[in-house]
Amino acid sequence: MATLSHIDEAYCRRLLEEMVSIPSIVGEEKELAEYVASELEALGLRPELQVVEGDRPNVIALWDSGKPGRMLMLNGHLDTVPICEGWSTDPFKPVVKGDRLYGLGALDMKGGLACLLTALKAIVDSQPDIAGSIAYTAVVGEEAYSKGAKALLKTPVARANAVIIGEPYSGYGSGAIPLGITGKILYNIVVKGKAAHAFRPEEGINAIEEAAHIIANLHRLKLREHPKFGRGNLCTLKIEGGYKVYSVVVPDRCRFEVNRLLVPGETVSSAIEDMRRLVESLGLRAEVEIGTKPPRYEPFEMSPDEPIVKAFTEAFREVHGREPEFQYSKSITDANVFTGEGGIPSVHYGPGGGGAHQADEYLILSTLRPTVEVYLRTILKYLGGGSGG
Ligand SMILES: [Zn+2]
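Analysis parameters
Residues numbered from 1 in each chain as written. Predicted model: local features only at pLDDT ≥ 70, side-chain atom pairs only at ≥ 80, totals over all residues. Heavy atoms only, no water. Pairing = 2+ DSSP bridges. Helix = DSSP H or I, 4+ residues; strand = E, 2+ residues; numbered from the N terminus. Donors = N, O, S within 2.8 Å, 3.2 Å for Na, K, Ca; no water. Tetrahedral: all angles 85-135°; square planar, octahedral: opposite > 155°, others 65-115°. Buried < 20%, exposed > 50% of the residue type's maximum accessible area, 1.4 Å probe, protein only. Axes fitted to C-alpha atoms, helices over the stretch in contact; angles between N-to-C directions. Parallel < 35°, antiparallel > 145°, perpendicular 65-115°, else oblique. Left-handed = near helix turned anticlockwise from the far one by under 90°. Contact = heavy atoms within 4.5 Å. Nonpolar A, V, L, I, M, F, W, Y, C, P; charged D, E, K, R; others polar. Polar contact = N/O pair within 3.5 Å; in protein donor to acceptor, adjacent residues only side chain to side chain. Expected span 1.5 Å × (residues − 1). Arc of directions from axis to C-beta. Disulfide = S-S within 2.5 Å. Salt bridge = Lys/Arg side-chain N within 4 Å of Asp/Glu carboxyl O.

A.B. asks: Honestly, the sheet that holds strand β8 (residues 177-181) in this entry has me stumped. Any pointers?
C.D. replies: The strands making up a sheet associate through backbone hydrogen bonding, with each pair oriented either parallel or antiparallel. Taken in spatial order, the 3 strands line up as β13-β8-β14 in an open sheet, and their pairing is mixed. Single-partner strands in this sheet number two, and they are β13 (300-301) and β14 (326-329).

Structure (structure tokens):
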């Protein structure tokens with residue numbers, strides 16, 4: 001395939017190093033968005049900046065083969081998590097040691113953005129005989145509320161037939177490719193008691209103690225068993241109540257938040273109903289309001305026979321000489337938006353490394369080239385008409 005000879009490794013490496021040098025902590029993605037847009041322009045494309053809110057734009061660019069066909073989206077997120085303690089190098093300076101490049105976001109996921117762009121460059125440079133179009137999208141806010149991905153679903157790329165997300169899933173072990181991902185909701189539970197002098201607690205209803213009773217019984221909540229995911233899970237994340245300024249008063253209000261992972265088949269309303277039944281079974285005296293608050297993500301599962309999954313599987317086999325491993329993953333990514341909400345089948349795949357969301361995050365440089373090659377072969381099969389299924 002002539003297109004494969006157009007893989008520009010030096011270009012990929014330059015993109016990665018420059019992207020790591022541009023801080024893009026969640027909420028501050030603009031400079032990196034403008035950088036990605038300028039690189040897309042340099043390829044002769046006409047990128048658009050979609051303002052998601054304030055100073056936070058997504059980048060969207062389209063390459064059209066001129067022939068009708070599928071639309072394949074290449075996607076990544078611009079944002080990184082904030083700097084955490086313990087870095088032994090400057091997190092905003094790419095530092096190479098052996099086969100590793102250290103820097104914040106190197107793995108999650110500036111490496112993926114660079115590889116996807118390098119694959120697109122090989123397409124633009126070689127103009128292969130394929131049909132349909134490729135949308136390159138880089139979004140804000142994956143690490144928090146997926147606002148960028150949600151905004152993207154309001155643009156014409158929402159009609160993409162499939163999406164490749166350049167997250168660092170290597171295709172084996174803990175990096176097995178997700179064929180499905182859990183969803184999640186955040187319960188917001190407000191317990192309303194009755195104030196009284198705290199020397200006569202029996203005259204009031206203690207909202208904190210009633211809330212504690214619910215939390216201590218959360219393990220009794222009925223979680224649905226899914227054949228592939230098993231059960232979801234629960235974690236209390238926050239609790240607040242009691243006086244602002246010290247006072248000997250029975251607290252009349254307590255609010256707490258519980259994260260719940262959902263498996264396919266569980267919905268927001270079924271989850272609220274589960275909690276309502278649990279609370280009723282406890283015979284509390286307080287009034288309990290059960291609600292949810294953002295963020296909320298839909299779970300999904302896909303068939304291994306999805307055309308994009310088949311195209312990727314063949315491409316992976318050709319490059320790595322073995323089958324990719326798949327998993328049903330207890331996690332959250334922008335695929336919950338694209339696939340769970342938008343119904344666009346997805347493949348997660350990206351370069352290797354370690355330390356995502358930790359100090360000394362690094363990317364393994366020798367995985368860049370094979371990653372780009374898997375992307376390109378997947379694109380050619382999927383848009384090639386036929387061979388991709
Ligand atoms: Zn990520």
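A.B. asks: It is not clear to me how the coordination of the zinc ion should be interpreted in this structure. Could you clarify?
C.D. replies: Tetrahedral coordination by four donors puts the ideal angle at the metal at 109.5 degrees, and octahedral coordination by six puts it at 90 or 180 degrees. Looking at the zinc ion, one finds its protein donor set to be His77 (NE2), Asp108 (OD), Glu167 (OE) and Glu167 (OE), positioned 1.9 to 2.6 Å from the metal centre. Geometry at the zinc ion is irregular, judged from its 4 donor atoms and the angles of 54 to 149 degrees they form at the metal. Between the donor residues of the zinc ion, the gaps in sequence give the motif H-x30-D-x58-E. With histidine 77 in strand β3 (residues 71-77) and glutamate 167 in the loop between β7 (162-165) and β8, the pair connects residues that are 90 residues apart, well separated along the chain. Exposure class is identical for histidine 77 and glutamate 167. Each is buried.

A.B. asks: Explain the packing of helix α7 (residues 307-320) against helix α9 (residues 368-383) here, please?
C.D. replies: The relative placement of two packed helices comes down to the angle between their axes together with the axis-to-axis distance. Where α7 contacts α9, the axes come no closer than 8 Å and their chain directions differ by 135 degrees. Relative to α9, the element α7 lies oblique. The crossing of α7 and α9 is right-handed. Side by side, α7 and α9 meet where Pro307, Ile308, Ala311, Phe312, Glu314, Ala315, Phe316, Glu318, Val319 and His320 of the first sit next to Pro370, Glu373, Val374, Arg377, Thr378, Lys381 and Tyr382 of the second. Here the contact of α7 with α9 is built from residues that sort into 10 nonpolar, 2 polar and 5 charged.

A.B. asks: Help me understand the environment of serine 329, please; the structure alone is not making it clear to me.
C.D. replies: With respect to the secondary-structure elements, serine 329 resides in strand β14. Relative accessible area serves as the criterion here: at 5%, serine 329 is assigned to the buried category. Linking serine 329 and alanine 176, residues 153 residues apart in sequence, is a C-alpha distance of 8.8 Å. The residues touching serine 329, leaving out its near neighbours within four places in the chain, are Tyr169, Pro178, Gly180, Ile181, Thr182 and Phe229. Here the side chain of serine 329 touches serine 331 through a polar contact of 2.7 Å, side chain to side chain.

A.B. asks: Is there a simple way to think about the pairing of β7 in this case?
C.D. replies: It is a general feature of regular strands that their side chains alternate between the two faces of the sheet. Taking every second residue as pointing to the same face, both faces of β7 are buried, with Ala162 and Ile164 on one and Val163 and Ile165 on the other. Here β3 pairs with β7 via 4 bridges, running parallel. Each residue of the ladder has a partner; that of asparagine 75, found in β7, is isoleucine 165. Taken together, the 3 bridges between β7 and strand β15 (residues 346-348) define a ladder with parallel strand orientation. Note that in β15 the partner of valine 163 across the bridge is serine 346.

A.B. asks: Help me out: how do you make sense of helix α1 (residues 9-21) in this one?
C.D. replies: A turn of α-helix holds 3.6 residues, and therefore any two residues three or four places apart point the same way. Relative to the 18 Å expected for 13 residues at 1.5 Å per residue, α1 spans 19 Å between its end C-alpha atoms, a close match to the ideal helical length. Those residues of α1 not exposed but buried are Tyr11, Cys12, Leu15, Leu16, Met19 and Val20. On an axial view of α1, the arc spanned by its buried residues comes to 160 degrees, and they lie on one face. Buried residues belonging to α1 abut α2 (30-42), β5 (100-102), α3 (106-126), β17 (362-364) and α9.

A.B. asks: Is there a simple way to think about the state of the cysteines in this case?
C.D. replies: Formally, a disulfide is one covalent bond, and it connects the sulfur atom of one cysteine to the sulfur atom of another. This structure, assessed with the given rule, holds 0 disulfides. As a non-bridged cysteine, cysteine 84 has cysteine 235 as the owner of its nearest cysteine sulfur, 19 Å distant. With no disulfide of its own, cysteine 235 has cysteine 254 as its nearest cysteine by sulfur position, at a separation of 16 Å.

A.B. asks: Before we go on, may I ask you to explain the pattern of salt bridges in this structure?
C.D. replies: Think of it this way: side chains of opposite charge can pair up when their charged atoms draw near. By the definition in use, this model includes 33 salt bridges. Two residues, glutamate 53 and lysine 147, come together in a salt bridge whose shortest N-O distance is 3.2 Å. Placement of glutamate 53 in strand β1 (residues 48-53) and of lysine 147 in helix α4 (residues 147-152) is noted, with a sequence separation of 94 residues between them. What makes glutamate 53 partly exposed here is its relative accessible area of 31%. With its nearest N and O atoms 3.0 Å apart, the salt bridge here joins arginine 377 to glutamate 373. Residue arginine 377 and its partner glutamate 373 are both found in helix α9; the two are separated by 4 residues, about one turn of the helix. Neither arginine 377 nor glutamate 373 differs from the other in exposure class; each is buried.

Take it as geometry only, folks, not as evidence of what the structure does.
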